[in-house]
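Secondary and tertiary structure notes
For reference, the chains in residue letters:
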Amino acid sequence: MIFSKLLFSILLFSGFNFVGKKIINKLNIKYFFSKIINLYLINIAIGIVAVILILYPFLLYKIIYLIHLKILLILLIIIGGLNIIFSFNKDTLIKYYNSNKNLKFNLDKIFLFILVFLFFLFSLLPITDADSTGYHLFIPKFYLENEYFPIQTFNYHTYLFGIGEIFNLFFLALDLDLFITLTNFLGIIIILSLIINFNLKYPENSFYSLLILSCPIIIPLINTAKPQFFYISLIGILFAIIINLKKNIFKTKSLYQILFIICIFGITCYLAKITFAI
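How each quantity is defined
- Residues numbered from 1 in each chain as written.
- Predicted model: local features only at pLDDT ≥ 70, side-chain atom pairs only at ≥ 80, totals over all residues.
- Heavy atoms only, no water.
- 1 Å grid on protein atoms, 1.4 Å probe; cavity = no way out; pocket = protein on both sides within 12 Å on 5 of 7 lines; lining within 4 Å.
- Points joined across faces, edges and corners; volume = space filled by probe spheres on them.
- Helix = DSSP H or I, 4+ residues; strand = E, 2+ residues; numbered from the N terminus.
- Nonpolar A, V, L, I, M, F, W, Y, C, P; charged D, E, K, R; others polar.
- Contact = heavy atoms within 4.5 Å.
- Core = buried A, V, L, I, M, F, W, Y, C linked by side-chain atoms within 4.5 Å.
- Buried < 20%, exposed > 50% of the residue type's maximum accessible area, 1.4 Å probe, protein only.

**Looking at the layout of surface pockets**
By volume, the second largest pocket amounts to about 220 Å³. Lining of the second largest pocket is provided by Asn-28, Ile-29, Lys-30, Tyr-31, Phe-32, Lys-35, Asn-248, Lys-251, Thr-252, Lys-253, Ser-254 and Ile-258. If one sorts the elements of the lining of the second largest pocket by residue count, helix α2 (residues 30-34) sits on top with three residues. Its residues assigned to classes, the lining of the second largest pocket shows four nonpolar, four polar and four charged.

**Concerning unusual backbone geometry**
For Lys-62, which is not a glycine, the phi torsion comes out positive at approximately 55°. Position of Lys-62 among the secondary structure elements: in the loop between α3 (39-60) and α4 (66-87). Notably, Glu-147 is not glycine yet its phi reads approximately 60°, a positive angle. By the element assignment, Glu-147 lies in the loop between α8 (138-146) and α9 (163-172).

**Describing the environment of Gly-187**
Position of Gly-187 relative to the elements: it lies in helix α10 (residues 177-198). Each C-alpha atom, one on Gly-187 and one on Tyr-231, is 7.4 Å from the other, the two residues being 44 residues apart in sequence. If we skip the residues at most four places from it in the chain, Gly-187 touches Phe-229, Phe-230 and Ser-233.

**Re the nonpolar core**
Counting residues in each nonpolar core, the largest one holds 71 residues, and the members touching the most others are Phe-16, Ile-48, Phe-170, Phe-171, Ile-241 and Phe-265. Broken down by element, this core gets its largest block of residues, 12 residues, from α3. For Ile-48, the residues in contact, after removing those within four places along its chain, are Phe-13, Phe-16, Phe-167, Phe-179, Leu-186 and Phe-230. Among the nonpolar cores identified, the runner-up in size contains 13 residues, and Leu-112, Phe-119, Phe-185 and Leu-221 belong to it.

**Topic: the environment of Phe-111**
Along the chain, Phe-111 falls in helix α6 (residues 107-123). Taking the relative accessible area as the measure of exposure, Phe-111 reaches 46% and is therefore partly exposed.

Quick look at the structure:
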C-alpha cells in the first residue's frame with residue numbers, strides 16, 4: 001500500500017510540476033525564478049497553489065463535488081506520468097550528469113544528505129497526532145462520507161475549516177494521505193534550496209542548511225496533516241522574490257506577473273490560518 005501511494009504521489013508531484021511550468025512559461029517569469037530557486041520546485045509549488053486556490057471557492061459554494069475531485073486527481077496523475085516519460089531522455093540525463101560531475105562532497109554535505117533522507121523517511125510514517133486526526137483529517141473525511149461540510153454546535157472546530165482542510169480533502173479523495181506529509185517534506189526541500197541559492201558564494205558551507213534541519217519542531221510536524229512547512233516555504237519564496245526585486249526592481253521584466261505570484265502565494269498562506277485569527 002505504501003509503495004503504491006508513494007508512486008501515485010510522485011506522479012502527482014510531476015503533474016503539479018507540469019501545471020506550474022505552463023503557468024511560469026505563460027507569465028514569462030522562468031528566468032527570474034531560475035535565479036532564486038530550483039525550477040522544478042517552484043513549478044510544483046505554483047501548480048499546487050493554483051489548483052487549491054481554484055478548488056477552495058468551488059467546493060465551498062458547491063459548484064463541484066467529490067467526483068470532480070477524483071477526476072481531477074486522476075488527470076493530474078496521468079499528466080504527471082506523461083510528463084516524466086517525455087521529460088527524461090538521454091540528453092537530459094547527460095546534461096544533469098555534466099552539471100553535477102564536479103560536485104564535491106564533504107562531511108557537512110554527507111551529514112546534510114543523511115538528515116534530509118531521515119526526514120523523508122519520517123514523512124512516510126502514518127499520521128497519528130491528535131490535532132490532525134481530530135480536526136485536520138476529520139473534516140475532509142466527514143465530507144468524503146457525506147459530501148457536505150460538518151456543522152456541529154458542540155465542536156467549534158468545524159466552523160474553523162479553511163483552505164488547509166480543502167487541501168487535505170483533495171488528496172484524500174483518492175486516499176493519498178501520504179501526499180499530504182510529503183508536501184511537508186517538499187516544503188523543507190524548498191527552504192533548503194532557497195538557502196543554497198543565497199549561499200552560492202560559499203557552496204561548500206552547509207551551516208545554515210544544517211541549522212534549519214536541526215530545529216526540533218521538524219520531527220513532530222513533518223508527518224502531520226498540517227502542511228505548515230509548505231506554507232513556510234511559500235513565505236520564504238516571497239522574501240526571496242522581494243530581495244531580488246529590491247536589487248533592480250525597475251529593470252525587472254514581467255514585474256506585474258511576479259507581483260501576481262506574490263499575491264497568490266500570500267493569499268494562500270493567509271487563508272491557511274485566517275479562520276483561527278478571526
